[in-house]
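Structure assessment
Letter by letter, the chains look like this.
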Amino acid sequence: MLKKYIDIKPEVLEALHKGEAIVALESTIISHGMPYPENVTTAQKVEEIIRNEGAVPATIAIIDGRIKVGLDEKQLEHLATSKNIVKTSRRDIPFVISRKLDGGTTVAATMIIAALAGIKVFATGGIGGVHRNAQETFDISADLQELATTNVAVVCAGPKSILDLGLTLEYLETNGVPVVGFKTDELPAFYSRKSGFKVDYRVDTAEELAEAINIKWGLGLNGGLVIANPIPEEYEIDHEFISKAINDAVEEAESQGVKGKEMTPFLLSKVKEITKGDSLTANIHLVYNNAKVASQLAIELAKLYRD
Ligand code: PSU
Ligand code: MN
């Protein structure tokens, strides 16, 4: 049944059979989250970091209507350069496949596909969440609902402050999604290590984290986890400066009537413009950092599942 729609790269398939550590990666960040050529160089480097840590990377996307778990160089380049990549969340998957389109998978779609393939750990930059003014717009990312149901641990640098962090945390709490700080008590807010909000639990080692995840799923407590890993200090952007940039971007989005799936990519590119590229550099380095932690977690989880 699955083979009808999904192609798993041989390297990933072998790791799955042997019960080795695998880290899933999303592709909306390549197609819609970063400009060319940084999108493709970052995607390649992230895979390299994961290999160096001793895990196998599996970048997930839809190419020509086929779900791909693990991409080759040509496919990465295509996602990074083509203007016709569909930003693909849960609702889009069936149509991107039936119409034989190319899709960059969001956190939600990547979680779904990772879980179908048997991959438990996923590294990205930031997750979607409850947008500011969601009381009016109802703009809540499908990522949150996916975290509520699908068994994948998502390592990220916290929700980006283009979102309403407080409402995002409330939504996750209602849905029983643990928000775990990796070596931090405070929820990181993507570009900054601070947000003013606490995480639910702080863990200091990948081993401790793997144990808690194993217990969660072992008890049948389905759903994902948000593993919030702060951006390295040297790449952090001053909180006030970035807040102002984000406020300006949100205002501009409102005045231009930006809506729906266009909102996140619009805000990301506006913030990059306002920060003269600093936000992109920060974004790249926090993804590298997340790839490292995700690899360590995947290795610890693989040990537990082998026992
Ligand atoms: N946050 C980022 N970079 C991104 C995204 C979020 O810092 O590229 C992407 C992710 O793929 C995420 C998606 O799943 O945006 C959320 O979009 P939306 O808010 O439309 O659900
Ligand atoms: Mn949205």
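Residues numbered from 1 in each chain as written. Chains lettered and ligands numbered in written order. Predicted model: local features only at pLDDT ≥ 70, side-chain atom pairs only at ≥ 80, totals over all residues. Heavy atoms only, no water.

Close contacts around ligand 1 come from 15 residues, with Glu-26, Lys-87, Ser-141, Asp-143 and Lys-160 the closest. Contact distances for ligand 1 include 2.7 Å between an oxygen atom and a side-chain N or O atom of Lys-87. Ser-141 places a side-chain nitrogen or oxygen 2.7 Å from an oxygen atom of ligand 1. Here ligand 1 has 470 Å² of accessible area as a free molecule, and 94% of this is covered by the chains. Applying the majority rule of atoms within 2 Å of the grid points places ligand 1 in the largest pocket. Looking at the shell around ligand 1, the elements that each hand over two or more residues are α2 (28–33) and α12 (263–274). By residue class, the composition of the shell around ligand 1 is four nonpolar, seven polar and four charged. (Near = heavy atom within 4 Å. Polar contact = N/O pair within 3.5 Å; in protein donor to acceptor, adjacent residues only side chain to side chain. Areas by Shrake-Rupley, 256 points an atom, 1.4 Å probe, with all protein chains shown as cover. 1 Å grid on protein atoms, 1.4 Å probe; cavity = no way out; pocket = protein on both sides within 12 Å on 5 of 7 lines; lining within 4 Å. Sits in = over half its atoms within 2 Å of the grid points. Helix = DSSP H or I, 4+ residues; strand = E, 2+ residues; numbered from the N terminus. Nonpolar A, V, L, I, M, F, W, Y, C, P; charged D, E, K, R; others polar.)

Turning next to the side chain of Glu-146. Position of Glu-146 among the secondary structure elements: in helix α8 (residues 142–149). Residue Glu-146 is classed as buried on the basis of its relative accessible area, which comes to 2%. Here the side chain of Glu-146 touches Thr-150 through a polar contact of 2.6 Å, side chain to side chain. Glu-146 has contacts with Arg-90, Ala-108, Met-111 and Ile-112, leaving out every residue within four places of it along the chain. (Buried < 20%, exposed > 50% of the residue type's maximum accessible area, 1.4 Å probe, protein only. Contact = heavy atoms within 4.5 Å.)

What follows covers empty space enclosed by the protein. All chains considered together, the criterion is met by one cavity of 30 Å³ or more. Along the walls of the largest cavity sit 14 residues, with Glu-26, Ile-29, Ala-43, Val-46 and Val-287 positioned nearest its centre. Contributions of two or more residues to the lining of the largest cavity are made by α2 and α3 (38–53). Ranked by the residues each element gives to the lining of the largest cavity, the list is headed by α3, at five residues. (Points joined across faces, edges and corners; volume = space filled by probe spheres on them.)

Looking at the element boundaries, Ile-60 is found in strand β3 (residues 56–63). When the C-alpha positions of Ile-60 and Glu-38 are compared, they lie 18 Å apart, and in sequence the two are 22 residues distant. If we ignore the near neighbours within four places in the chain, the residues touching Ile-60 are Ala-24, Leu-25, Glu-26, Ser-27, Lys-68, Val-69, Thr-105, Thr-110, Ile-113 and Ala-114.

Rolled over the atoms, a probe with the dimensions of a water molecule shows which regions are left empty. By volume, the largest pocket amounts to about 700 Å³. The wall of the largest pocket is formed by 35 residues, among which Lys-87, Thr-106, Ser-141, Asp-143 and Thr-264 lie closest to the centre. Where the lining of the largest pocket is concerned, the elements lending two or more residues are α2, α8 and α12. Residues that form the lining of the largest pocket fall into these classes: eleven nonpolar, 15 polar and nine charged. A volume near 270 Å³ is recorded for the second largest pocket.

Another point: the packing of α3 against helix α13 (residues 278–306). The interhelical angle for the contact between α3 and α13, taken along N-to-C directions, is 25°, at an axis separation of 9 Å. Regarding the angle of α3 to α13, the classification is roughly parallel. Viewed along their axes, α3 and α13 form a crossing whose handedness is right-handed. Residue-level contacts link Glu-38, Thr-42, Lys-45, Val-46, Ile-49, Ile-50 and Glu-53 of α3 to Leu-280, Ile-284, Val-287, Tyr-288, Ala-291, Lys-292, Ser-295, Gln-296 and Ile-299 of α13. Across the contact of α3 with α13, the residue classes tally to nine nonpolar, three polar and four charged. (Axes fitted to C-alpha atoms, helices over the stretch in contact; angles between N-to-C directions. Parallel < 35°, antiparallel > 145°, perpendicular 65-115°, else oblique. Left-handed = near helix turned anticlockwise from the far one by under 90°.)

Just distances and angles here, no functional claims.
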